[in-house]
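Structural characterization, general
If you want the building blocks of each chain, they are given just below.
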Amino acid sequence: MDISAFSDHYHVRCLNHTDIPAIMDLCRGNPLYYQYCRPFVSEKSIARDMAALPPGKDLSDKYYIGYFDGSRLTAVMDLILAFPDQQTAFIGFFMTDASVQKKGIGSKIIEELCINLKKYGYLSVRLGWVKGNPQAEHFWKKNGFTETGVTYDTDGYTVVVAHKDL
Ligand SMILES: CC(C)(COP(=O)(O)OP(=O)(O)OC[C@H]1O[C@@H](n2cnc3c(N)ncnc32)[C@H](O)[C@@H]1OP(=O)(O)O)[C@@H](O)C(=O)NCCC(=O)NCCS
């Protein structure tokens, strides 16, 4: 998949281990997220997330993506294609730099992502937010995601599963 086409504005590329300090800086600016999804971010947890895969998937379908404004990392997304089924893409994580939030940047990135996924034949996008996290819930609902009714408990918190048809 050509992820460089995912944004008209940002330079989009896969992130690697040399990007960990920049990812760390971006994540550190979002303490609310980690109040709901503990533990707080660390270089180790980022490295783990870079390699994390849902059951039955391999790295060929995983895109741990950075959106860059010049050299500045503005957003990070963990995208898994064809999960949980062939027509669905799964967003495992999405975060924008706190200094540019509430300006529509996150919504624009998701809008452009959905347009691109549709071009590749995907029919829906799935994701989860930690129950009770107002920022995540409001953001995804504002972007057209609806609760599936499925929730699951993991690591001491409850995840609300949501999806959007493309
Ligand atoms: C959620 C997030 C990606 C939004 O990024 P953004 O660039 O600010 O996105 P937008 O400006 O397009 O949308 C902002 C919307 O997010 C929601 N939002 C943001 N902060 C909020 C807060 N403190 N309380 C409730 N809703 C909030 C609102 O729906 C807001 O819309 P509004 O401005 O119309 O009220 C960003 O706040 C973030 O990275 N949060 C931490 C990580 C996270 O929760 N990710 C989602 C779960 S994986």
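As a reminder, the structure under discussion sits directly above these lines.
Structural notes, computed from the coordinates. (Residues numbered from 1 in each chain as written. Predicted model: local features only at pLDDT ≥ 70, side-chain atom pairs only at ≥ 80, totals over all residues. Heavy atoms only, no water.)

All right, on to the site of the ligand then. Contacts to the ligand come from 19 residues, most closely from Phe94, Thr96, Lys102, Gly104 and Ser107. A distance of 2.8 Å separates an oxygen atom of the ligand from a polar backbone atom of Thr96. Between the ligand and the protein, one listed contact pairs an oxygen atom with a side-chain N or O atom of Gln101 at 3.3 Å. Contributions of two or more residues to the shell around the ligand are made by strand 4 (88–96), helix 4 (105–119) and helix 5 (134–142). No other element matches helix 5, which puts seven residues into the shell around the ligand. Residue composition of the shell around the ligand, grouped by class: eight nonpolar, eight polar and three charged. (Near = heavy atom within 4 Å. Polar contact = N/O pair within 3.5 Å; in protein donor to acceptor, adjacent residues only side chain to side chain. Helix = DSSP H or I, 4+ residues; strand = E, 2+ residues; numbered from the N terminus. Nonpolar A, V, L, I, M, F, W, Y, C, P; charged D, E, K, R; others polar.)

Relative to each other, helix 4 and helix 5 sit at 50°, their axes nearing to 10 Å. Taken together, the axes of helix 4 and helix 5 lie oblique to each other. Along this stretch, helix 4 crosses helix 5, giving a crossing that reads as right-handed. In this structure, helix 4 uses Gly106, Ser107 and Ile110 to contact helix 5, whose residues at the interface are Phe139, Trp140 and Lys142. Among the residues making up the contact of helix 4 with helix 5, the classes are represented as three nonpolar, two polar and one charged. (Axes fitted to C-alpha atoms, helices over the stretch in contact; angles between N-to-C directions. Parallel < 35°, antiparallel > 145°, perpendicular 65-115°, else oblique. Left-handed = near helix turned anticlockwise from the far one by under 90°. Contact = heavy atoms within 4.5 Å.)

Turning our eyes to something else, we now look at helix 3 (residues 43–51). By the burial criterion, the buried members of helix 3 are Ser45, Ile46 and Met50. Within helix 3, the buried residues cover an arc of 145° as seen down the axis, which keeps them to one side. Exposed residues lying more than 90 degrees from the buried face of helix 3 are Lys44 and Arg48. (Buried < 20%, exposed > 50% of the residue type's maximum accessible area, 1.4 Å probe, protein only. Arc of directions from axis to C-beta.)

Topologically, Lys57 is positioned in the loop between helix 3 and strand 2 (62–69). With relative accessibility at 15%, the residue Lys57 sits in the buried group. Looking at Lys57, its side chain comes within polar contact range of the main-chain oxygen of Leu81, at 3.1 Å. In contact with Lys57, other than residues within four places in its own chain, are Ile80, Leu81, Ala82 and Phe83.

Let's shift gears to the pairing of strand 7 (residues 157–165). Note that strand 5 (residues 124–130) and strand 7 share seven bridges and pair antiparallel. In the strand pairing of strand 7, Val125 is matched with Lys164. Note that strand 6 (residues 146–154) and strand 7 share six bridges and pair antiparallel. The residue of strand 7 that forms the bridge with Asp153 is Thr158. Between strand 6 and the antiparallel strand that follows it, strand 7, lie two residues; Asp155 among them carries a positive phi value of about 45°. (Pairing = 2+ DSSP bridges.)

Counting 32 residues, the largest nonpolar core has Met77, Leu79, Ile91 and Trp140 as its most contacted members. Residue assignment for this core shows that the elements contributing at least two residues are strand 2, strand 3 (72–80), strand 4, helix 4, strand 5, helix 5 and strand 7. Considering each element in turn, this core owes the most residues, six residues, to helix 4. Every residue in contact with Leu79, bar those within four places of it in the chain, is listed here: Phe6, Asp61, Lys62, Tyr63, Ile65, Ala89, Phe90, Ile91 and Leu113. The next biggest cluster of nonpolar side chains, apart from the first, holds 16 residues, and it includes Leu26, Tyr34, Tyr64 and Leu73. (Core = buried A, V, L, I, M, F, W, Y, C linked by side-chain atoms within 4.5 Å.)

All chains considered together, the criterion is met by nine aromatic pairs. Seen from their ring centres, Tyr10 and Tyr67 are 6.5 Å apart, and the 80° between their planes marks the pair as edge-to-face. One end of the pair, Tyr10, is in the segment before strand 1 (11–14); the other, Tyr67, is in strand 2, with 57 residues separating them in the sequence. The pair Tyr10 / Tyr67 is uniform in exposure class, with both members buried. Geometrically, the ring pair formed by Trp140 and Phe145 is edge-to-face, given 5.2 Å between the ring centres and 75° between the ring planes. Clustering of aromatic rings is evident, with ring pairs tying together Tyr33, Tyr34, Phe40 and Phe93. (Phe/Tyr/Trp six-rings, centres within 6.5 Å; stacked < 30°, edge-to-face > 60°.)

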